[in-house]
Amino acid sequence: MNKTACYELITRKPTAEELEELRAIAEVQFGVAGNLVIPETVNVIISPSTNRIRFLVVNGKKYLALRPRDYRFNLYLSAGEILNTVLPHPRLRVYVKRDYVEFVSKGNTLFCRHVLMADPDVRPGDEVLVVDQNGNLIAVGRSRLAGWEMVFYSRGEAVKIREGVSSD
């Protein structure tokens, strides 16, 4: 028996209870109504080993990933685009200096020296939207520092980029 047969992904529509729970997690994590973040058209990918939800997929694209250790979401660009329209500025955003927008949009790490401004309420480990000076989404990732530290320090990693708009 080959290993890939053991890891076949199960994709299905979430049950009403699962959808309600996923939206509640989104409300707590992102601070907006869950139905704005997680649409009715969402599908879920189930882990074959644990039989739990691992990914949310919308229109065939990875949308969110559910972390099993803390039951929070990892962002992907498709979800980031939605959040960028529904969240008030600067909530969960890190603004990049103009000269480094292209570098970061390719999926490269965002360093503190490249940060123009950041939401002071961002904590280390939060999922953040990385935007240019005009508020256009260029990447999503996980913060390494608090928002105020990203602006204060001139050295070190500010955001570990998961996906950039120009990344292959």
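Per chain, residues are indexed from 1 in the order of the written sequence. The model is predicted, so local features are restricted to residues of pLDDT at least 70 and side-chain atom pairs to those at 80 or more, both for listing and for counting; the totals for chains, interfaces and linings are taken over all residues. Excluding hydrogens and water, the side-chain figures rest on all heavy atoms present in the structure.

Caption draft 1: The overall build of the chain, seen in detail. Numbering of helices and strands runs from the N terminus, with a helix taken as a DSSP run of H or I at least four residues long and a strand as a DSSP run of E at least two residues long. The secondary structure content of the chain amounts to six helices and 11 strands. Here the chain has a C-alpha radius of gyration of 17 Å; the compact-globule value for 168 residues is 15 Å, and the two agree. A buried classification covers 46% of the 168 residues belonging to the chain. Any two residues having at least one pair of non-hydrogen atoms within 4.5 Å are treated as being in contact. Of all intrachain contacts in the chain linking residues separated by at least 6 positions in sequence, the fraction that spans at least 24 positions is 53%. Areas reported here follow the Shrake-Rupley algorithm with a probe of radius 1.4 Å; residue values treat only the protein chains shown as occluding. Put simply, the chain shows about 9,400 Å² of open surface, and 50% of that area lies on carbon and sulfur atoms. Asp and Glu count as negative and Lys and Arg as positive, but His and the ends of the chain are not part of the count. In plain terms, the charge of a residue is placed at NZ if it is Lys, CZ if Arg, CG if Asp and CD if Glu. Side chains of the chain carry 23 positive and 20 negative charges; the gap between the two charge centres is 5 Å. Between the two quantities, the radius of gyration covers C-alpha atoms and the globule rule is 2.2 Å times the number of residues to the power 0.38. Only protein chains enter the accessibility calculation, which uses a 1.4 Å probe; a residue whose area is less than 20% of its type maximum is buried, one above 50% is exposed, and one in between is partly exposed.

Caption draft 2: Geometry of the pattern of salt bridges. The working definition used for a salt bridge is a side-chain nitrogen of Lys or Arg within 4 Å of a carboxyl oxygen of Asp or Glu. Applying the stated criterion across every chain yields a total of 11 salt bridges. Note that glutamate 18 is salt-bridged to arginine 12, the shortest N-O span being 2.9 Å. The partner of glutamate 127 in a salt bridge is arginine 162, and the shortest N-O contact between them spans 2.6 Å. Highlighted residues: glutamate 127 in strand β9 (residues 127-131) and arginine 162 in strand β11 (residues 157-164), separated in sequence by 35 residues. Each of Arg67, Arg69, Asp70, Glu127, Arg142 and Arg162 takes part in salt bridges that share partners, so that together they form one network.

Caption draft 3: View of the sheet that holds strand β8 (residues 115-118). On the basis of which strands lie adjacent, the open sheet formed by six strands has the order β7-β11-β10-β9-β6-β8 and mixed pairing. Taken across any chain shown, the strands that pair with only one partner, and hence form the sheet edges, are β7 (110-111) and β8. For strand β6 (residues 93-96) and β8, the ladder comprises three bridges, and the chain directions are antiparallel. Bridging across to β8, valine 94 finds its partner in alanine 118. Between N-to-C directions, angles cover 0 to 180 degrees, with each direction set by a line fitted to C-alpha atoms, over the stretch in contact for helices. Contacting β6, β9, β10 (137-143) and β11, helix α4 (residues 77-86) runs over the sheet at an angle of about 105° to β10. A pair of strands counts as paired when DSSP detects no fewer than two bridges linking them.

Caption draft 4: The side chain of aspartate 119, seen in detail. Looking at the secondary structure, you find aspartate 119 in the loop between β8 and β9. For the buried aspartate 119, no salt bridge exists, and the shortest N-O distance to an oppositely charged side chain is 4.2 Å, to arginine 91. Side-chain atoms alone can form a polar contact between residues adjacent in sequence; in general such a contact is a pair of N or O atoms within 3.5 Å, and within protein one must be able to donate a hydrogen while the other accepts it. For aspartate 119, the side chain forms a polar contact with the main-chain nitrogen of aspartate 121, separated by 2.9 Å. Leave out the neighbours within four places in its chain, and aspartate 119 touches Pro90, Arg91, Leu92, Arg93 and Gly147.

Caption draft 5: Local environment of the sheet that holds strand β2 (residues 43-46). Strands sit in the order β1-β2-β3-β4-β5 across an open sheet of five strands; the sheet is antiparallel. Each edge of the sheet is formed by a strand with only one pairing partner; in this case those strands are β1 (10-12) and β5 (73-75). Neighbour to neighbour, the strand axes of the sheet diverge by 30° on average, direction disregarded. As defined by bridge partners, strand β3 (residues 53-58) adjoins strand β4 (residues 61-66) across four bridges and the pair is classed as antiparallel. By the bridge assignment for β4, phenylalanine 55 is matched with alanine 65. Together, β4 and β5 form the strand contacts of α4, whose direction differs from that of β4 by roughly 85°.

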